[in-house]
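Here is what each chain is made of, one letter per residue.
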Amino acid sequence: MLGVAGFGAYNVYTALDGGGGGGGSGNGNSGTSSADAAATQAPLTTKQAADTADDFLGAWTRGDIAAAAKLTDAADQATGSLTDFRTNAHVTALRATASTRSAAQVASNTVPFTVDATVTYQGLTDRWTYGSWLQVSRGPDGKPAVHWVSAVLHPGLQDGETIVTGRAKTPDLEIRDRGGVVMTADKYPSLAGIFGDFKARYGTKVNGGTPGIETYVEDAATGTEKQTLNVLRKGKGARLDTTLDAHLQAAAEKAVAGTNQAGVTALDADTGGVLAVAFSPAGGFDTPLLAQVAPGSTFKVVTAAALLERNMTPSSPAPCKNGDNYHYGRAYRNDGGMNNLSADLDWDFKKSCNTGFIKQAGKLGGSGLVDTAAQFGLTQSWNVGTAVTDPSVPGGTDDELTSEMIGQGQLKMSPLIMASVAATARTGDFHQPRFVSPALIGKPLAKAAGIPSATSRQLRTMMRDTVVSGTAAGPMSGFGPDSGAKTGSAEIDGAANPNGWFLAYSGHVTAAALVVGGGHGNTSAGPIVAAVLRAAH
């Protein structure tokens, strides 16, 4: 939700009259009528939510902390947090403006807003602008109230944290890519949170540098600096060398721009070095590193490897019949209702036939899929140098097994993880992704056996066929013989459209992308991956 909005008009705060007058009726009763009780339980109207948000933002803007806190469902907590924000963060002026709401935000009584603050500290004054959100619900008394959470103050704030302005606890970092190019969060906005985490993790581990004057998130219990929010005066940066590639990062930022809830990660398949991480909107959720969702048919790379290791080949018969299953009760659907009773495994892979894979479940036994996933490093925790979601392949039997074979079920993956899957398919080896040197990470990197060279060779053939005459032919048009891909879409309970997935490699660079609600991966996530890979050449 980060963004800058123009200043708007405000509703002037007026105290909500909760009583309706002090006079009693002739019989002396002062109870609440059934109509009043019903009113305090009815769903909020759009106007009630908007008016309550405007009143809160107006009171906060005027510095009337008592009035703002009274409009929340946790007045004491809100009072303390709003007071700390003014004093500890040295905010001397502030204007909070409600932003335009989407239909989904209106339905959930969520109001995004922009904060335009002035921060003054030891003679330094700076303007600090950011976006956040609030949600209106009914308070304990049944009246509309802002539901108080720490993120109302700033979306990067969690419970137990506070915002402080002062000399930073650790020096600034001069973050460099693998070629020595200096990278900044201003130029590469998707990396802002990662760079802040780098500072917290490595600021005292690299030589040189002096702290600057900053507004930052601090752990209230330990005093640890968690994330830089604004810089009033830069310090001298201590050099931190990373695996990132500034050119590919720029291409990745451009590729996801304008796509809501999209993320892409690129890796060096030979080393595991993370080359680029980008997501849209840049101030939103870090989809490429933190997503925990089913990867859809892109996981068929792993399933195909498991089948190839159990005596199948790309030309092994694998009939594709819509509505088929192994011998369990559920009927599985193929995209477009596709059928090809003469299909082989390669055809099923490149055309993404679900049932052609599912019918082979008997070849995997009780642990075959998980055993092969382990060769891809998917059954361990990863220490990559910043916060990421670990892969999860729980395994199972019956419908859980067949669902996982096609990338559904209880699988949990991110684009970073699936880019690594593409890298292992390309080279045969597993190199745990990382942003900095293993010595700097200071924790052991995950290790895995990788896949046999014959399996890797056969996977490359199938992934190349997917580019030449399969579902990836459109976005990967023009890529040479050392390229391969796999498309995917993953259905999500309650969602109108499935998530779009795509993974691919070209030379030693691999990439994977997820577009939440994007539908088919070849049309949603595919162009993003292709744009990043084209920039690598």
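One can find the structure itself at the top, above this paragraph.
Undergrad: So what's going on with the state of the cysteines? Residues and values would help.
TA: For the coordinates displayed, the defined rule picks out 1 disulfide. Shown here is the disulfide that connects Cys320 with Cys353, its sulfur atoms set 2.2 Å apart. Its torsion about the S-S bond being 100°, the disulfide of Cys320 and Cys353 is classed as right-handed. Note that Cys320 is positioned in the loop between α9 (300–308) and α10 (345–351) and Cys353 in the loop between α10 and α11 (354–358), a separation of 33 residues in sequence. This pair shows no difference in class: Cys320 is buried, exactly as Cys353 is.

Undergrad: Would you mind going over the pattern of salt bridges in detail, with residue names and values included?
TA: A complete count under the given rule lists 16 salt bridges for this structure. When the shortest N-O distance is used, the salt bridge between Arg62 and Asp64 registers 4.0 Å. We classify Arg62 as partly exposed; its relative accessible area is 45%. For Asp64, a relative accessible area of 32% corresponds to the partly exposed category. Salt-bridge contacts for Glu161 lead to Lys226; the nearest nitrogen and oxygen are separated by 3.0 Å. Here Glu161 is found in strand β5 (residues 161–167), whereas its partner Lys226 is found in strand β8 (residues 225–233), with 65 residues between them in sequence. Accessibility expressed as a relative area gives 35% for Lys226, which makes it partly exposed.

Undergrad: Describe empty space enclosed by the protein, listing the residues and the values that go with them.
TA: Inspection of the entire model under this criterion finds 1 cavity of 30 Å³ or more. Taken as a whole, the largest cavity encloses approximately 40 Å³ of empty space. As for the largest cavity, its lining consists of Leu364, Gly365, Gly366, Ser367, Gly368, Leu369, Val370, Gly395, Gly396, Leu401 and Glu404. Secondary-structure elements contributing two or more residues to the lining of the largest cavity are α12 (368–375) and α13 (398–405). Among the elements that make up the lining of the largest cavity, the one with the highest residue count is α12 (3 residues). Looking at the lining of the largest cavity residue by residue, the class counts come to 4 nonpolar, 6 polar and 1 charged.

Undergrad: For the pairing of strand β13 (residues 499–506), give the residues involved together with the corresponding values.
TA: Across the 8 residues of β13, 8 count as buried, placing the element largely inside the fold. What you see with β13 is no split at all: Asn499, Trp501, Leu503 and Tyr505 on one side and Gly500, Phe502, Ala504 and Ser506 on the other are buried throughout. Relative to β13, strand β12 (residues 483–490) runs antiparallel, the two sharing 8 bridges. Opposite Gly484, over in β13, you have Tyr505 as the bridge partner. Sheet topology note: the β13/strand β14 (residues 509–515) ladder contains 7 bridges and is antiparallel. Within the sheet, the bridge partner assigned to Tyr505 lies in β14 and is Thr510.

Criteria and thresholds
- Residues numbered from 1 in each chain as written.
- Predicted model: local features only at pLDDT ≥ 70, side-chain atom pairs only at ≥ 80, totals over all residues.
- Heavy atoms only, no water.
- Disulfide = S-S within 2.5 Å.
- Helix = DSSP H or I, 4+ residues; strand = E, 2+ residues; numbered from the N terminus.
- Buried < 20%, exposed > 50% of the residue type's maximum accessible area, 1.4 Å probe, protein only.
- Salt bridge = Lys/Arg side-chain N within 4 Å of Asp/Glu carboxyl O.
- 1 Å grid on protein atoms, 1.4 Å probe; cavity = no way out; pocket = protein on both sides within 12 Å on 5 of 7 lines; lining within 4 Å.
- Points joined across faces, edges and corners; volume = space filled by probe spheres on them.
- Nonpolar A, V, L, I, M, F, W, Y, C, P; charged D, E, K, R; others polar.
- Pairing = 2+ DSSP bridges.

Read these as geometric descriptors, not functional statements.
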